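As a plain string of letters, each chain reads:
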Amino acid sequence: NFFFTAHDVLASSTSFCLHLLARHPDIQEELARSLAELPAGSIDRRMLDDNELLGRVLCEALRLFPGYALFGRTTQADMPIGGYHVPRGTMLIISPFVIHRLERHYERAHTFDPDRWRGKSLIPGPVPSAQYMPFGAGARGCLASHLAFPIMKTIVAQVLRGFRLSAKAGHEPRIAYWGTSFSENGLPVTISRRAS
């Protein structure tokens, strides 16, 4: 699980985040300006954790494209769920991808809006939450979630400090699932170097 997360889930989640920024140039430029204020050269985790906009962008990207689009759990006892009797040993499938896009949980649920995280917790680890679980939740949540978020911050920050991303006009990712979400038709962007 740890190595799968460190490779596939991390690569997928970071790619979707960069693609969302390419599709929203106003947010990308605001974030790039905030990152340009950091000292030249190496950046450390404390600097990235202090950049609230970066945290909001990643939380929102993980809401729309969670590390795990679905996962299963087997009930250990009979229980009622949503008015239904669910017997012990039933495999339940949970889809953060669907839950995160429900209007009852998020206004304008299909819209990339990092401002929805203003003033909220920006640590999307495996904490129990009924409506936000990009890495699962509780005792069976992703082991590497506390590693993934800082790595994603570092990659996104380093890319945006050096490059401008532009999305291909009209391109909509065709989402598929194989352990983690990916786009069957790619996430095409044009990359240009930022002036130093």
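Above this note sits the structure.
Residues numbered from 1 in each chain as written. Predicted model: local features only at pLDDT ≥ 70, side-chain atom pairs only at ≥ 80, totals over all residues. Heavy atoms only, no water.

A. Summary view of a nonpolar patch on the surface. Taken together, the side chains of L70, M91, I93 and Y177 present a nonpolar region at the surface, about 380 Å² in accessible area. Checked against the element boundaries, Y177 lands in strand β6 (residues 175–178). (Patch = residues over 30% accessible without salt bridge, like charges linked within 9 Å, V, L, I, M, F, W, Y side chains within 5 Å. Areas by Shrake-Rupley, 256 points an atom, 1.4 Å probe, with all protein chains shown as cover. Salt bridge = Lys/Arg side-chain N within 4 Å of Asp/Glu carboxyl O. Helix = DSSP H or I, 4+ residues; strand = E, 2+ residues; numbered from the N terminus.)

B. Just the nonpolar core, in detail. Counting 42 residues, the largest nonpolar core has L21, L31, L35, L54, V57, L58 and V156 as its most contacted members. Among the elements of the structure, α1 (2–23), α2 (25–36), α4 (52–64) and α6 (145–162) are those that each provide at least two residues to this core. Discounting residues that sit within four places of it in the chain, V57 has contacts with C17, L21, I27, L31, F112 and P114. (Core = buried A, V, L, I, M, F, W, Y, C linked by side-chain atoms within 4.5 Å. Buried < 20%, exposed > 50% of the residue type's maximum accessible area, 1.4 Å probe, protein only. Contact = heavy atoms within 4.5 Å.)

C. Region of the structure containing the packing of aromatic side chains. Applying the stated criterion to the full structure yields four aromatic pairs. For the pair F16 and F65, a centre-to-centre distance of 4.1 Å together with 5° between the ring planes defines the contact as stacked. Here the residue F16 occupies a position in helix α1, and F65 occupies one in the loop between α4 and β1 (71–74), the gap between them amounting to 49 residues. Taking the relative accessible area as the measure of exposure, F16 reaches 3% and is therefore buried. (Phe/Tyr/Trp six-rings, centres within 6.5 Å; stacked < 30°, edge-to-face > 60°.)

D. Main features of the packing of α2 against α6. Packing of α2 against α6 leaves a shortest axis separation of 9 Å and a crossing angle of 95°. Taken together, the axis directions place α2 and α6 in an arrangement best described as roughly perpendicular. Packed against α2, whose contacting residues are Q28, L31, A32 and L35, the element α6 presents V156, A157, L160 and R161 at the interface. Grouping the amino acids of the contact of α2 with α6 by side-chain chemistry returns six nonpolar, one polar and one charged. (Axes fitted to C-alpha atoms, helices over the stretch in contact; angles between N-to-C directions. Parallel < 35°, antiparallel > 145°, perpendicular 65-115°, else oblique. Nonpolar A, V, L, I, M, F, W, Y, C, P; charged D, E, K, R; others polar.)

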